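Descriptive analysis of the structure
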Amino acid sequence: MLFRRLLPATAVVAALTFAAACGGAADDTLAGKAEDGGLTIGIRFDQPGMAQRRLDGKYVGFDVDVAKYVAQQFGVPESGITWKEARSADRERLIANGDVDFVVATYSITDKRKEQVAFAGPYFQTGQGVLVRYTENDITGPQTLNGKRLCSVTASTSAQKVKSEFAQGVELVEYGQYSDCVIALLAGNVDAVTTDEVILAGYVAENPELLKLVGEPFTTERYGVGLAKSDAEGRVEVSAAIERMVGSGEWRKSLERNIGQAGVRLPDPPQVTEK
């Protein structure tokens, strides 16, 4: 059951001060969009521990908590948020078209993506991992995937990285969502799934008797909040909100609540560099 938590008094004051300062902001900025008390935020719907739409319609996860905290700093309560699914292949388009006001969706900051969108943060750091069936003994890391069927999602670079750097003989399989990859893995239609370890750990936490992580993380992924490339002020303001979330202790509490049982080491908050 998801309980609504009261903000500390200092956070309430900060949010009210911030919201007041945003009055009269340009309509094409994040602050301007928030002036009517509502924001549309892109998240994933299928990533346990990070962002998931439950059967009862509730949205839960670490990314969801980050998104709600940022929205509150713009004076927008949870009731004013419209959630929109942001799959890997759609994130830049959703931002560019104005279909969402910002995206918090395990969105790795890369130079190529920064050509199309702006990033605030990072708010989390992880590394790429490999997920297999619990009974699998032959696959112990990315270098043991030659001749195996490896699943990742459309527009993700994770599987291609394995093929180019670790196992040239791997067969790549793509699905629309990671949950589809996990279903295919459990059905025996693929042999492994690769993406960021924290995402895979959520599926392990849901199915500890059926799935496991193998090997050590082999990349560094820094998750940022994606927003319109033209909104430089919004980038600064969201980065400041992330720093306040970390400083208030809410960042650590959310991480422990959502990912603490997933079997991965919880990292320290990364330094916010996108300002």
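Here, the structure is the one placed above.
Residues numbered from 1 in each chain as written. Predicted model: local features only at pLDDT ≥ 70, side-chain atom pairs only at ≥ 80, totals over all residues. Heavy atoms only, no water.

Bringing the state of the cysteines into the picture now. Each disulfide consists of one covalent bond between the sulfur atoms belonging to two cysteines. Applying the stated rule across the entire model yields one disulfide. Sulfur-sulfur distance for the disulfide between C151 and C181 comes to 2.1 Å. Linking C151 and C181, the disulfide has an S-S dihedral of approximately -70 degrees and is accordingly described as left-handed. Here C151, found in strand β9 (residues 149–153), pairs with C181, found in helix α7 (residues 178–187); they are 30 residues apart in sequence, far enough to count as distant. Each member of the pair, C151 together with C181, is buried. (Disulfide = S-S within 2.5 Å. Helix = DSSP H or I, 4+ residues; strand = E, 2+ residues; numbered from the N terminus. Buried < 20%, exposed > 50% of the residue type's maximum accessible area, 1.4 Å probe, protein only.)

A word on the side chain of T194. Tracing the backbone through its elements, the reader meets T194 in strand β11 (residues 192–196). A relative accessible area of 0% places T194 in the buried class. Among the polar contacts listed, one links the side chain of T194 to the backbone oxygen of G129, at a separation of 2.8 Å. Ignoring any residue separated from it by four or fewer positions in sequence, one finds T194 in contact with Q128, G129, V130, L150, C151, S152, S158, A159, V162, Y178, L200 and F218. (Polar contact = N/O pair within 3.5 Å; in protein donor to acceptor, adjacent residues only side chain to side chain. Contact = heavy atoms within 4.5 Å.)

Moving on to the pairing of strand β1 (residues 39–43). Burial within β1 is extensive, with four of its five residues counted as buried. Where β1 meets strand β5 (residues 81–85), five bridges bridge the pair, whose relative direction is parallel. Following the sheet pairing, L39 is matched in β5 by I81. In this sheet, strand β6 (residues 102–103) lies alongside β1 in parallel orientation, the contact comprising two bridges. Note on β6: the bridge partner recorded for G42 is V103. (Pairing = 2+ DSSP bridges.)

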